[in-house]
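Listed below, chain by chain, are the residues.
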Amino acid sequence: MSKQEEIKQWSRLYGRQITEEEYKEICDNLSGFFKILYEWDKAEKEKKVSTNKEV
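Residues numbered from 1 in each chain as written. Predicted model: local features only at pLDDT ≥ 70, side-chain atom pairs only at ≥ 80, totals over all residues. Heavy atoms only, no water.

Student: Mind showing me how you'd approach the pattern of salt bridges here?
Tutor: Close approach of charged atoms allows side chains of opposite charge to pair. Considering all chains together, one arrives at 4 salt bridges under this definition. Between E20 and K3 there is a salt bridge, with the nearest N and O atoms lying 3.0 Å from each other. In this pair, E20 is assigned in helix α2 (residues 20-54) and K3 in helix α1 (residues 3-14), connecting sequence segments 17 residues apart. A salt bridge links K24 to D28, with the shortest nitrogen-to-oxygen separation between them at 3.0 Å. Of this pair, K24 and D28 both sit in helix α2, 4 residues apart, which is roughly one turn of that helix. D28 sits in the partly exposed class, given a relative accessible area of 44%. (Salt bridge = Lys/Arg side-chain N within 4 Å of Asp/Glu carboxyl O. Helix = DSSP H or I, 4+ residues; strand = E, 2+ residues; numbered from the N terminus. Buried < 20%, exposed > 50% of the residue type's maximum accessible area, 1.4 Å probe, protein only.)

Okay, here's the thing in structure tokens:
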């Protein structure tokens, strides 16, 4: 999907035309959200590994 198609889809969800700056902010926020989820998952897996080594 092209950038313009994505902007069109987000605009439809928002009920108005969004700007390219708003689109960039949406992308940055989503990227940050999934990065945090990845980091939490990684930390949880590392915690389980270290807990299993102690047993």
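Student: How should I be thinking about a nonpolar patch on the surface in this particular structure?
Tutor: A grouping of L30, F33, F34, I36, L37 and W40 is seen on the molecular surface, where their side chains present a nonpolar patch of about 620 Å² in accessible area. Note on placement: L30 falls in helix α2. In this structure L30 comes out as partly exposed when scored by relative accessible area, which is 36%. (Patch = residues over 30% accessible without salt bridge, like charges linked within 9 Å, V, L, I, M, F, W, Y side chains within 5 Å. Areas by Shrake-Rupley, 256 points an atom, 1.4 Å probe, with all protein chains shown as cover.)

Student: Where do I start with the environment of E20 in this structure?
Tutor: A relative accessible area of 44% means that E20 is categorised as partly exposed. Distance in space between the C-alpha atoms of E20 and I7 is 7.4 Å, their sequence separation being 13 residues. Aside from chain neighbours lying at most four places away, what touches E20 is K3, Q4 and I7. (Contact = heavy atoms within 4.5 Å.)

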